[in-house]
There are 4 protein chains.
Amino acid sequence: MSDTYFPNVSPIAFEGADTDNPLAFAFYEADRVVAGRSMAEHFKFAVSYWHSFGQGGADPFGGPTQLRSWHEGGDAQSRARRKMDAAFEFFTKLGVPYYCFHDYDLVEEGATLAESNARLAEATAWAKEHQEDSGVKLLWGTANLFSNPRYMNGAATNPDFSVVARAGAQVKSAIDATIELGGENYVFWGGREGYISLLNTDMKREQEHMARFLGMARDYARAQGFKGCFFIEPKPMEPTKHQYDYDSATVVGFLERYGLANDFKLNLEVNHATLAGHSFEHELQVAADAGMLGSIDANRGDEQNGWDTDQFPINSFELTQAMMVILKAGGLAGGGVNFDAKLRRNSTSMDDLFIAHIAGMDAFAKALVAADRVLSSPDYQQILQQRYSSFDQNEGKAFEDGQLQLECLDELAQESPDLGRQSGKQERLEQIVWRELMRP
Amino acid sequence: MSDTYFPNVSPIAFEGADTDNPLAFAFYEADRVVAGRSMAEHFKFAVSYWHSFGQGGADPFGGPTQLRSWHEGGDAQSRARRKMDAAFEFFTKLGVPYYCFHDYDLVEEGATLAESNARLAEATAWAKEHQEDSGVKLLWGTANLFSNPRYMNGAATNPDFSVVARAGAQVKSAIDATIELGGENYVFWGGREGYISLLNTDMKREQEHMARFLGMARDYARAQGFKGCFFIEPKPMEPTKHQYDYDSATVVGFLERYGLANDFKLNLEVNHATLAGHSFEHELQVAADAGMLGSIDANRGDEQNGWDTDQFPINSFELTQAMMVILKAGGLAGGGVNFDAKLRRNSTSMDDLFIAHIAGMDAFAKALVAADRVLSSPDYQQILQQRYSSFDQNEGKAFEDGQLQLECLDELAQESPDLGRQSGKQERLEQIVWRELMRP
Amino acid sequence: MSDTYFPNVSPIAFEGADTDNPLAFAFYEADRVVAGRSMAEHFKFAVSYWHSFGQGGADPFGGPTQLRSWHEGGDAQSRARRKMDAAFEFFTKLGVPYYCFHDYDLVEEGATLAESNARLAEATAWAKEHQEDSGVKLLWGTANLFSNPRYMNGAATNPDFSVVARAGAQVKSAIDATIELGGENYVFWGGREGYISLLNTDMKREQEHMARFLGMARDYARAQGFKGCFFIEPKPMEPTKHQYDYDSATVVGFLERYGLANDFKLNLEVNHATLAGHSFEHELQVAADAGMLGSIDANRGDEQNGWDTDQFPINSFELTQAMMVILKAGGLAGGGVNFDAKLRRNSTSMDDLFIAHIAGMDAFAKALVAADRVLSSPDYQQILQQRYSSFDQNEGKAFEDGQLQLECLDELAQESPDLGRQSGKQERLEQIVWRELMRP
Amino acid sequence: MSDTYFPNVSPIAFEGADTDNPLAFAFYEADRVVAGRSMAEHFKFAVSYWHSFGQGGADPFGGPTQLRSWHEGGDAQSRARRKMDAAFEFFTKLGVPYYCFHDYDLVEEGATLAESNARLAEATAWAKEHQEDSGVKLLWGTANLFSNPRYMNGAATNPDFSVVARAGAQVKSAIDATIELGGENYVFWGGREGYISLLNTDMKREQEHMARFLGMARDYARAQGFKGCFFIEPKPMEPTKHQYDYDSATVVGFLERYGLANDFKLNLEVNHATLAGHSFEHELQVAADAGMLGSIDANRGDEQNGWDTDQFPINSFELTQAMMVILKAGGLAGGGVNFDAKLRRNSTSMDDLFIAHIAGMDAFAKALVAADRVLSSPDYQQILQQRYSSFDQNEGKAFEDGQLQLECLDELAQESPDLGRQSGKQERLEQIVWRELMRP
């Protein structure tokens with residue numbers, strides 16, 4: 001294992017709940033079996049290349065604060081190489097099995113498409129070697145179709161076809177790189193696919209273009225032998241005023257409408273749920289109900305701020321409810337838990353990056369254990385089962401099976417006593433969740 | 001015309017922009033032709049029975065403030081009769097061609113279903129007579145499936161089947177009344193169809209029940225000869241934490257998934273768009289793009305408050321953008337503009353009710369005229385047409401027609417210059433909208 | 001102890017973290033000493049009369065769902081008597097040392113002021129007896145100046161003086177009752193003190209009236225020998241569009257401006273902080289910094305809904321951060337922790353009321369223990385101390401002491417190296433909070 | 001007048017409401033007298049250097065899209081010189097009498113403080129010459145204390161004193177430049193004065209530092225002979241999670257607490273009001289009531305997005321209500337209307353910059369005329385006067401004058417009839433505002 005970029009950090013070990021060591025896991029034990037699978041298998045934790053090795057704390061009102069040696073000196077490919085070496089040292093020391101990238105995270109975009117492609121091909125070769133050496137794998141790749149000014153009006157939904165074509169070229173290369181690296185999935189995040197003003201937008205035409213574009217990408221990748229999932233990552237807004245992939249329900253409807261439901265699933269992010277006015281567990285449930293719960297981007301927003309803060313996850317009470325949905329759905333379909341989270345702008349120490357990931361992994365681990373306990377709890381099971389039991393038999397079942405007409409309901413109602421006031425037991429269920437979380 | 005309840009108000013006349021008379025229209029002229037149709041035809045304005053003749057200003061922290069004689073004295077049907085007389089006097093003096101109701105707006109719910117049905121049947125007969133006398137028509141009817149405590153966990157989505165049956169019985173009677181009164185549409189607003197806590201909810205099962213229920217209602221109404229539209233009214237929350245009919249995109253996806261798209265369209269409300277994080281024109285456009293723009297509930301929320309304030313519409317700048325979408329869609333499919341708006345709690349004068357409607361109708365009228373002018377403006381048309389022109393021919397057209405593969409985009413991109421920075425002209429478009437609104 | 005209303009519930013006991021009994025405390029031990037005081041002393045838990053014995057689950061779209069025997073039958077004072085008997089049985093079985101009320105929680109408002117006062121005086125006598133029998137005490141009393149329609153435009157800030165006078169009369173009686181019952185504090189919540197529309201409002205004049213009114217109430221109570229604190233409870237909106245007691249900072253400024261700072265402190269509510277766009281701990285800190293942290297109303301809002309949901313508290317991660325502020329401030333000045341929280345509308349079982357309070361008290365207890373541990377943690381202390389150490393000596397201290405001029409800063413800056421990038425260690429601090437909470 | 005940067009644009013002329021020319025004023029006539037003063041005097045319109053000549057459309061997810069020749073080529077001072085030439089050409093052609101800047105808008109910050117100061121001094125000399133040539137004046141200057149990474153933890157409130165010193169040095173130079181250019185005011189916007197996490201923050205100590213710092217800056221400027229106003233610009237968040245200058249009420253309280261109320265007033269921004277949960281007119285009214293309504297930053301947010309979009313103002317219905325407050329307050333105290341607004345990222349044409357300002361100025365002009373008409377309207381005046389008339393005489397006046405005790409209110413209430421239900425006439429007032437706006 002390289003020791004160049006984080007020389008003061010040893011591989012992170014599990015030390016248990018009593019540890020005071022910030023650079024140790026208090027709860028996450030990769031091999032601990034919960035609900036029939038190891039924690040490592042449940043989560044498939046991944047580090048995101050962009051937040052952790054990219055921007056460095058810049059925000060709309062100020063430049064980077066986190067000075068990283070790999071951002072400076074040498075030429076573009078030298079910086080890219082050092083960045084990658086640092087990243088794999090970090091992945092290995094942290095002990096995560098996966099990482100994720102955009103094309104222009106691995107390399108800086110060149111002056112021409114050809115130059116960008118050449119850089120990407122070279123970096124792909126480095127990454128392949130690193131993966132083999134370290135055992136770290138690629139959870140998913142994607143293309144950055146939002147940073148370059150050419151995408152200011154969208155990529156696949158750009159009103160100018162030449163930009164759509166350029167986006168297609170970029171996706172082709174990103175898919176090639178993903179396949180070359182054995183990437184298990186490929187993601188689309190449509191940060192500019194939407195509108196800034198409805199006044200100048202033909203929303204229907206743009207959405208048809210998007211469907212067309214996604215289909216073309218899918219066909220290309222399948223033709224190259226790619227067997228993994230495609231994920232759409234919903235987000236309602238920011239940078240664009242309105243983004244077409246607004247939330248789970250919107251994306252599920254879109255995928256079904258355009259015949260993409262067999263190949264595409266959802267990659268859901270906590271902070272994006274918040275921006276869309278949903279709880280994270282709601283978004284998960286909508287995707288699970290549609291059979292499209294693919295992967296998650298772990299982070300959190302700030303409840304008082306209305307923008308995409310991408311903080312590291314820490315609130316295990318909320319995470320427990322999310323893990324309940326994931327466990328009930330049988331786990332994530334193909335994906336994992338990617339830390340699409342960034343250090344606060346003023347968290348400038350190198351060890352902050354380790355601590356943030358460790359705390360996030362611990363928070364998920366504790367939530368998983370609690371979620372499993374809740375789902376196994378007799379009280380929880382009984383409350384849920386009884387609640388819907390009138391549909392398990394007799395007229396309720398006939399209704400569910402489509403064997404009743406409205407007149408039948410009218411007849412049943414004439415005789416039926418006045419019901420409907422059975423307690424929903426919400427406070428009791430919250431008590432169960434809380435207790436299972438707080439139990440050692 | 002009766003003169004019992006509003007003796008000091010004469011029929012409202014059009015007096016033009018210079019009027020200082022609060023009880024006159026400054027802009028709304030029923031017969032004025034705009035974009036090929038009269039204002040009356042464009043809007044089909046309707047008064048809502050519940051807000052204007054129901055609650056009387058109560059809010060969660062205090063009781064009614066607007067004392068109406070029809071709320072007091074006599075027995076339930078006497079109150080219902082006087083309420084209806086007052087309502088039709090109001091409709092007639094205001095000069096609106098339509099009204100809308102829930103079953104238990106017309107009458108107070110009785111102790112039993114049978115009693116409620118008997119009351120409703122009697123009131124339906126009165127209403128029929130009033131309609132014939134006045135020429136006022138029923139835009140749509142609906143059933144109140146949210147006020148009675150039995151619906152605390154939902155109506156069609158209640159986990160207790162006996163409540164679902166009761167809801168069905170109520171819908172049957174409301175459909176019967178709507179048909180009897182020549183109602184042009186029938187509406188579903190699922191105020192309790194959703195969840196208070198996901199912890200106790202089987203969301204998928206509940207949504208399947210909802211689809212089943214809607215299909216049964218549709219089948220019943222069609223069997224009775226009803227030819228009108230069914231409308232779903234999206235709302236994201238309140239009273240329920242999360243409502244299944246969240247927004248246009250969610251409902252469109254639901255209707256398509258469950259085979260309801262041929263009979264159901266959307267009834268969109270301004271304030272509900274606000275609560276869902278959308279502009280009203282966005283919600284209209286989503287519905288229009290799906291061919292489901294049926295009707296609107298006119299009101300507005302308060303931008304600083306997060307709940308359903310249902311204020312009367314007044315902001316013509318925003319309404320102009322809404323009317324642009326409606327005009328481009330060819331108008332509302334079957335529905336009209338229903339004032340689902342209530343006086344502020346402290347607007348206790350009887351004339352406030354007239355003024356609020358007058359101001360709202362004027363605001364819509366001015367917006368219609370402005371929207372038509374914008375759509376006819378050469379600058380507006382040129383900006384829009386040019387923006388997407390690269391898809392009208394050559395490779396752009398081939399892309400749109402599905403004749404290109406991803407490799408083709410890659411090839412095109414290799415040669416293409418770096419484009420994509422053509423101005424979206426948002427400020428110019430806003431200037432056009434503003435000028436057309438402010439132009440006399 | 002009476003056993004009439006909750007015959008199936010025994011006094012709630014502490015059973016420890018392993019309990020599966022919903023009607024037992026898992027963490028709250030009244031006598032357990034933390035940071036030098038018992039849990040009972042830290043919290044002074046109070047039950048609120050209105051939510052727990054009042055409304056019964058009504059919301060703006062539907063009537064009460066929680067049927068309580070004390071709401072029905074008999075005359076007004078019979079209902080009031082039974083309600084009080086039930087309340088004290090509940091207080092006693094739950095084991096809380098305090099309760100809180102509005103005047104018209106104890107009794108139903110009468111047709112005249114005289115009748116209301118007579119009822120209140122009678123109920124006060126009953127309460128006194130109950131208090132003596134049970135040992136339960138009155139944390140604070142208040143007057144309901146928002147439910148009666150006469151207050152639709154405000155109480156102390158009503159534009160009609162006769163309403164101001166009536167409000168004054170009501171406050172006088174509520175103060176009398178509070179004193180009679182040994183109430184430790186008196187609260188003002190100005191739910192209608194604000195505006196619905198700025199267009200009809202003279203904000204400055206109304207605020208001056210409010211200050212005048214508060215001063216008169218204070219003078220009266222002091223003249224009657226009342227030694228307790230007066231509390232203002234900030235809330236930004238709902239029912240009124242804008243309420244003058246918007247948030248901590250606004251109220252502190254108001255109290256200072258009008259010479260009320262010596263007698264008045266703040267009663268802060270979690271859900272009100274949420275509505276104002278603040279975290280609860282922020283509101284606490286602002287009050288603490290002004291020496292005005294008096295009492296808290298414990299509940300929580302729903303992060304996705306914009307209205308006052310008043311759910312029971314459960315999220316110990318957030319409560320830990322609140323308890324840190326309270327502990328650092330030396331505790332609450334005079335007040336306690338009042339459960340201004342209500343059951344969800346569909347929580348209709350009688351045991352739900354116990355469970356909700358138990359879970360809330362446990363959540364606070366766990367948070368207190370964690371907060372004390374964090375504050376005692378060497379890592380926490382060191383990070384905080386070092387962060388501001390440059391102001392503890394030399395020029396930094398001189399600056400703080402007001403001994404430098406701008407020119408001095410300019411001179412110092414000429415020589416100073418470029419600093420300012422020391423990590424804020426936010427993720428580490430969050431890790432500490434989380435670990436201390438999760439530690440058994 | 002120079003014609004180098006906008007060769008295709010002639011000086012913008014007033015052409016009246018019928019114009020179709022996007023590069024002409026439809027309503028703004030500098031010399032038209034409204035309410036006793038010319039439009040030019042009412043507004044004192046200013047262009048902001050940063051948005052209009054600075055960033056070029058960058059956002060957190062992508063770089064600049066608006067390519068300006070002055071951003072490229074040459075050395076830093078050459079770019080600064082060309083930028084300034086372009087700016088003054090723009091000011092002159094647009095016909096605005098004022099502009100505003102931050103120190104590092106005029107020049108790029110240098111490697112050292114000395115270099116930055118030298119650049120600033122040189123640019124100040126250029127600006128002085130431009131001002132003399134064009135007659136354009138400086139509405140206010142300020143220092144950018146948020147972009148440089150050294151300010152990541154605040155400037156005046158930084159926990160590291162060396163950063164505070166550096167901020168002081170920068171403010172000194174910015175004050176010097178402002179004085180040299182005859183700037184009429186000096187502004188503080190505390191974009192980083194606040195916290196990212198309360199966990200690592202001593203809020204009270206930081207706020208005391210801020211007060212100290214402001215006092216030092218004031219003392220320095222006064223000693224140099226500066227007679228203008230100091231303005232604080234409230235903003236609740238972004239870039240920082242919580243900013244100390246949260247809203248008008250918070251800042252007024254702060255200024256009063258720390259003895260700064262005589263020299264400091266408020267510079268209020270529309271979009272900042274939105275972020276703080278207030279209407280703009282509310283923020284204006286709070287400042288006006290405290291005698292601190294100094295200046296405004298004209299722009300708007302997006303009602304559906306939670307971040308600082310800084311769009312150009314266009315909604316005259318809202319602006320009319322703002323202008324009503326400003327007119328009633330007797331105008332802005334020392335300041336003017338600064339367009340702190342930026343083109344949308346995809347508005348890349350040079351003429352977009354003119355159009356946006358023209359449309360904004362027209363929107364304000366129309367609002368001013370409407371506001372004046374509303375305030376002069378007999379109906380408006382009568383509603384307001386009558387509403388508070390009970391405090392103009394008798395006991396109401398005695399109450400207002402502090403001559404009543406609580407017992408007197410009690411006595412008055414015993415006799416008083418049940419009042420308080422007089423209509424607030426909100427819908428009528430909105431109708432008046434709307435009509436006066438729509439009237440030609």
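Look a little higher up for the structure.
Residues numbered from 1 in each chain as written. Chains lettered and ligands numbered in written order. Predicted model: local features only at pLDDT ≥ 70, side-chain atom pairs only at ≥ 80, totals over all residues. Heavy atoms only, no water.

(A) Quick peek at the sheet that holds strand E6 (residues 98-102) of chain D. All names here are of chain D. Taken together, the eight strands give a closed barrel; going around it, the order is E5-E6-E7-E8-E10-E12-E13-E14, and neighbouring strands pair in parallel fashion. Across the sheet, the axes of successive neighbouring strands diverge by a mean angle of 30°, strand direction being ignored. Note that strand E12 (residues 264-269) and strand E13 (residues 293-297) share four bridges and pair parallel. Each residue of the ladder has a partner; that of Leu 266, found in E13, is Leu 293. Lying over the sheet, helix H10 (residues 280-289) contacts E12 and E13, oriented at roughly 175° with respect to E12. (Pairing = 2+ DSSP bridges. Helix = DSSP H or I, 4+ residues; strand = E, 2+ residues; numbered from the N terminus. Axes fitted to C-alpha atoms, helices over the stretch in contact; angles between N-to-C directions. Contact = heavy atoms within 4.5 Å.)

(B) Just the relation of the copies chain A and chain B, in detail. Between the two copies, chain A and chain B, the superposition gives an RMSD of 0.0 Å; the rotation angle is 180° and the shift along the axis is 0.0 Å. The transformation just described matches what one would write down for a two-fold rotation axis. For chain A, the residue whose C-alpha comes nearest the rotation axis is Gly253(A), separated from it by 2.2 Å. A share of 100% of interface residues in chain A that are also interface residues in chain B marks the association as one of identical surfaces. (Least-squares fit on C-alpha atoms with pLDDT ≥ 70 in both.)

(C) Quick peek at the relation of the copies chain C and chain B. The transform that puts chain C on chain B rotates by 180° and translates by 0.0 Å along the axis, for an RMSD of 0.0 Å. Both copies present the same face, since 100% of the interface residues in chain C are matched by interface residues at the equivalent positions in chain B.

(D) Region of interest: the side chain of Gln243(D). All names here are of chain D. For Gln 243, the location among the structural elements is in strand E11 (residues 242-243). The exposure class assigned to Gln 243 is buried, which follows from its relative accessible area of 1%. In this structure Gln 243 touches Trp 189, Gly 190, Gly 191, Glu 193, Gly 194, Lys 235, Pro 236, Met 237 and Glu 238, once residues within four positions along its chain are discounted. (Buried < 20%, exposed > 50% of the residue type's maximum accessible area, 1.4 Å probe, protein only.)

(E) View of the interface of chain C and chain B. In this assembly, 32 residues from chain C lie in contact with 32 residues from chain B. Approximately 2700 Å² of surface area, both sides summed, lies buried where chain C meets chain B, with 58% of it carried by carbon and sulfur atoms. There are four salt bridges connecting chain C and chain B. Two residues, Asp59(C) and Arg192(B), come together in a salt bridge whose shortest N-O distance is 2.7 Å. Our count for the contact surface shared by chain C and chain B stands at 16 residue pairs in polar contact (both at pLDDT 80 or more). Residue classes in the side of chain C that touches chain B are distributed as eleven nonpolar, twelve polar and nine charged. (Buried area = accessible area lost by both parts, 1.4 Å probe. Salt bridge = Lys/Arg side-chain N within 4 Å of Asp/Glu carboxyl O. Polar contact = N/O pair within 3.5 Å; in protein donor to acceptor, adjacent residues only side chain to side chain. Nonpolar A, V, L, I, M, F, W, Y, C, P; charged D, E, K, R; others polar.)

(F) Highlighting the environment of Leu106(D). Residues and elements named next belong to chain D. Here Leu 106 is to be found in helix H4 (residues 103-106). Here the alpha-carbon distance between Leu 106 and Gln 381, two residues 275 residues apart in the chain, equals 47 Å. Every residue in contact with Leu 106, bar those within four places of it in the chain, is listed here: Tyr 49, Ala 80, Met 84, Phe 101, Leu 120 and Ala 123.

(G) Seen up close, the pairing of strand E5 (residues 45-48) of chain D. Residue and element names in this part refer to chain D. What you see with E5 is no split at all: Phe 45 and Val 47 on one side and Ala 46 and Ser 48 on the other are buried throughout. Relative to strand E14 (residues 337-339), E5 is paired through three bridges, and the arrangement is parallel. Its bridge partner lying in E14, Val 47 is registered against Phe 339. Sheet topology places E5 next to E6; three bridges connect them, and they run parallel. Looking across to E6, one finds that Ser 48 is bridged to Cys 100.

(H) How the structure looks around the side chain of His242(C). Locating His242(C) in the fold gives a position in strand E11 (residues 242-243). Using a relative accessible area of 6% as the deciding quantity, one classes His242(C) as buried. Excluding residues that lie within four positions of it along the chain, His242(C) makes contacts with Glu193(C), Gly194(C), Tyr195(C), Pro236(C), His278(D) and His282(D).

(I) How the structure looks around the sheet that holds strand E13 (residues 293-297) of chain A. Residues and elements named next belong to chain A. Overall, parallel pairing links the eight strands, which are arranged E5-E6-E7-E8-E10-E12-E13-E14 in a closed barrel. The mean inter-strand angle of the sheet, taken between neighbouring strand axes irrespective of direction, is 30°. As defined by bridge partners, E13 adjoins strand E14 (residues 337-339) across two bridges and the pair is classed as parallel. Bridging from a neighbouring strand, Asp 297 pairs with Asn 338 of E14. Sheet strands touched by helix H6 (residues 161-180): strand E7 (137-142) and strand E8 (185-188). Its angle to E8, the strand with the most contacts, is close to 155°. Across the sheet, helix H8 (residues 248-257) lies against strand E10 (229-232) and strand E12 (264-269), angled at about 170° from E12, the strand it touches most.

(J) A look at the pattern of salt bridges. Residue and element names in this part refer to chain A. Counted according to the given criterion, the structure contains 112 salt bridges over all chains. For the salt bridge of Arg 81 with Asp 85, the shortest nitrogen-to-oxygen distance reads 3.3 Å. Remark: Asp 85 and Arg 81 occur in helix H3 (residues 76-94); sequence separation between them is four residues, near one turn of the helix. Owing to a relative accessible area of 28%, Arg 81 belongs among the partly exposed residues under this scheme. One salt-bridge network, held together by shared partners, links Arg 218, Asp 219, Arg 222 and Asp 263.

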